[in-house]
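Coordinates in review
One letter stands for each residue in the lines below.
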Amino acid sequence: MAIGSKELTPIELDTYEDDRLLDELKKAKEELFNLRFQSATGQLESHGRLRAVKRDIARIYTVIRERELGIRATPAPLEAPAKAKRGSKKDDTTAEVVDDAPAASAADEAPKADDNAAAEPSKAPKAKAKEAK
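So, a few notes on the structure that sits alongside this text. Computed from a predicted structure; not experimentally measured.

Turning next to the pattern of salt bridges. Under the definition given, this model contains seven salt bridges. In this structure, Glu24 engages Lys27 in a salt bridge whose closest nitrogen and oxygen atoms are separated by 3.9 Å. With Glu24 and Lys27 both in helix α2 (residues 18-41), this residue pair falls three residues apart, about one helical turn. The residue Arg59 makes a salt bridge to Asp56 at a minimum N-O spacing of 2.8 Å. Linking Arg59 with Asp56, this pair stays in helix α3 (residues 48-69), spanning three residues, or about one helical turn. Arg59 sits in the buried class, given a relative accessible area of 18%. On the basis of relative accessible area, Asp56 is assigned to the buried category, the value being 3%. Taken together, the shared-partner salt bridges in this structure form one network comprising Asp14, Glu66 and Arg72.

This part takes up α3. Between the first and last C-alpha of α3 there are 32 Å, a value that for 22 residues agrees with the 32 Å anticipated at 1.5 Å per step. Those residues of α3 not exposed but buried are Arg49, Leu50, Ala52, Val53, Asp56, Ile57, Arg59, Ile60, Val63, Ile64, Glu66 and Arg67. Looking at the buried side of α3, the elements it contacts are α1 (10-14) and α2. Directly after α3, the chain includes Gly70, whose backbone phi takes a positive value near 85 degrees.

You can see Arg72 is positioned in the loop between α3 and α4 (89-95). Reaching out from Arg72, the side chain makes a polar contact with the side chain of Asp14 at a distance of 2.5 Å. Among the polar contacts made by the side chain of Arg72, one reaches the side chain of Glu66 at a distance of 2.4 Å. With residues near it in sequence (within four places) discarded, Arg72 still touches Pro10, Asp14, Val63, Glu66 and Arg67.

Calculation criteria
- Here the residue index of a chain counts from 1 through its sequence in written order.
- This being a predicted model, a pLDDT of at least 70 is required before a residue's local features are given, and a value of 80 or more before pairs of side-chain atoms are given or counted; all residues contribute to the totals for chains, interfaces and linings.
- Heavy atoms from the whole structure form the basis of all side-chain values; hydrogens and water molecules are not counted.
- Salt bridges are defined by distance alone: a side-chain nitrogen of Lys or Arg within 4 Å of a carboxyl oxygen of Asp or Glu.
- Secondary structure elements are taken from DSSP: a helix is a run of H or I of four residues or more, a strand is a run of E of two residues or more, and numbering for both begins at the N terminus.
- Note on classification: 1.4 Å probe, protein chains only; a residue is buried when its accessible area is under 20% of the maximum for its type, exposed when over 50%, partly exposed between these limits.
- Expected span of a helix: the number of residues minus one, times 1.5 Å.
- Contact between two residues is taken to exist if any of their heavy atoms lie within 4.5 Å; hydrogens are not considered.
- Polar contact criterion, stated in full: a pair of N or O atoms within 3.5 Å, where within protein one must be able to donate a hydrogen and the other to accept it, and residues adjacent in sequence count only if both atoms are side-chain atoms.

Such coordinate-based values are descriptive only and should not be taken to indicate function.
Here it is in structure tokens:
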């Protein structure tokens, strides 16, 4: 592979979750911007790095798109191993959650007639315009 892209092989990218892929994409785009800036000012030492970063970006985009299409499987989220609970009273009291908030009623969820009228444009002005002609 090219310079610096050894950690971004497709096999390695398969293990990344979507959030991490987006973070890697953002980093690579920032690096590409910096490399282009260095190239424009004549400070770039390794022109091959530009090519490598562009390929890394393309590789990340490919993995993201393949996941959207279902060609490539999304990795299962890694869960931290659960710690063994001790018989502490402090843990037992914090585990209880009390929900004092009242449940939403059906009247709150149903849209009102006035809300629907505001959401849809009124047909009355069109009818008046036809009558005026």
